[in-house]
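Listed here are the chains, written in short residue letters.
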Amino acid sequence: MLGQLHDPDLHLLRLFVTVVEAGGFSAAQGVLGLSQPTISQRMAQLETRLGYRLCSRGNGGFRLTDKGELLLEAARGLLLNIELFRQQANGVAGRLLGTVRVGMAENQDAAVSLRLASAISRFRGREEAVQLELISAPPAELERLLLEQRLDFAISYFPATRRRLTTSLCSRSASGCTAARGMRCSMRPR
């Protein structure tokens, strides 16, 4: 069991979360830029360090154990809190720092795309140390990424019947485009 948490442990926990989010060792190779044997070796290191098995892999595919499920939730919380701490500590210095992940529906209305480009340009003019990740995907995929807290915002056509997201109108056009903000406290289905 982990008595103390060190930087190598954080790297292993990040690797674990990435493997799970990718759907297994093979799928994580491209995301991590590591070979499958290296990923397997590092997962074994984490399991040894923890003293229990995190997942089963083989003919039945990749599957988390019950303890793996619990660790996944704890690791995501830890990594989120580390990121929040980093942002707060840098905010004390008077500068925004971090990554904002914005999803945008494929085949978005040109007027919405122009407004987004203008907003990004104005934000960049502030010279903050924030990286923007723009992701294009179908609305259902954007909603899934928001609910998994892998996006901070999404600009799309979300049906009004969906109550799992906090939405606000971003355009007064007849298209009714809404921007859904993935708020961390309300990201889980109600």
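Residues numbered from 1 in each chain as written. Predicted model: local features only at pLDDT ≥ 70, side-chain atom pairs only at ≥ 80, totals over all residues. Heavy atoms only, no water.

**A short note on the packing of helix α1 (residues 7-22) against helix α2 (residues 25-32)**
The geometry of α1 relative to α2 is characterised by a closest axis approach of 8 Å and an angle of 115° between their N-to-C directions. Remark: the crossing between α1 and α2 carries right-handed chirality. For the pair formed by α1 and α2, the contact residues are L15, T18, V19 and A22 on the first element and F25, A27, A28, V31 and L32 on the second. (Axes fitted to C-alpha atoms, helices over the stretch in contact; angles between N-to-C directions. Helix = DSSP H or I, 4+ residues; strand = E, 2+ residues; numbered from the N terminus. Left-handed = near helix turned anticlockwise from the far one by under 90°. Contact = heavy atoms within 4.5 Å.)

**A few points about α1**
An α-helical segment advances 3.6 residues per turn. Residues three or four places apart therefore align on the same side. Relative to the 22 Å expected for 16 residues at 1.5 Å per residue, α1 spans 22 Å between its end C-alpha atoms, a close match to the ideal helical length. What α1 keeps buried is the set D9, L10, L12, L13, L15, F16, V17, V19 and V20. Positive phi appears at G23, one or two residues downstream of α1, with a value of about 100°. (Expected span 1.5 Å × (residues − 1). Buried < 20%, exposed > 50% of the residue type's maximum accessible area, 1.4 Å probe, protein only.)

**Some remarks on the nonpolar core**
Membership of the largest hydrophobic core comes to 21 residues, with the highest contact counts inside it found for F16, M43, L46, L54 and L71. Of all elements in the fold, only α1, α2, α3 (36-50) and α4 (66-92) reach the threshold of two or more residues within this core. Take this core: its biggest share by element is 7 residues, from α1. Setting aside its immediate chain neighbours within four residues, F16 contacts M43, L46, L54, L64, G68, L71 and L72. (Core = buried A, V, L, I, M, F, W, Y, C linked by side-chain atoms within 4.5 Å.)

**Quick look at helix α6 (residues 139-147)**
All of the buried residues along α6 are L142, E143, L145, L146 and L147. Two residues or fewer after α6 comes Q149, characterised by a positive phi angle close to 60°.

**A closer look at the confidence of the model for the protein**
Averaged over all residues, the pLDDT of the protein equals 77, while 76% of them reach at least 70. Strand β7 (residues 178-181) is the least confidently modelled element of the protein, averaging 42 in pLDDT, while α3 averages 94, the highest of any element. (pLDDT = per-residue confidence, 0-100.)

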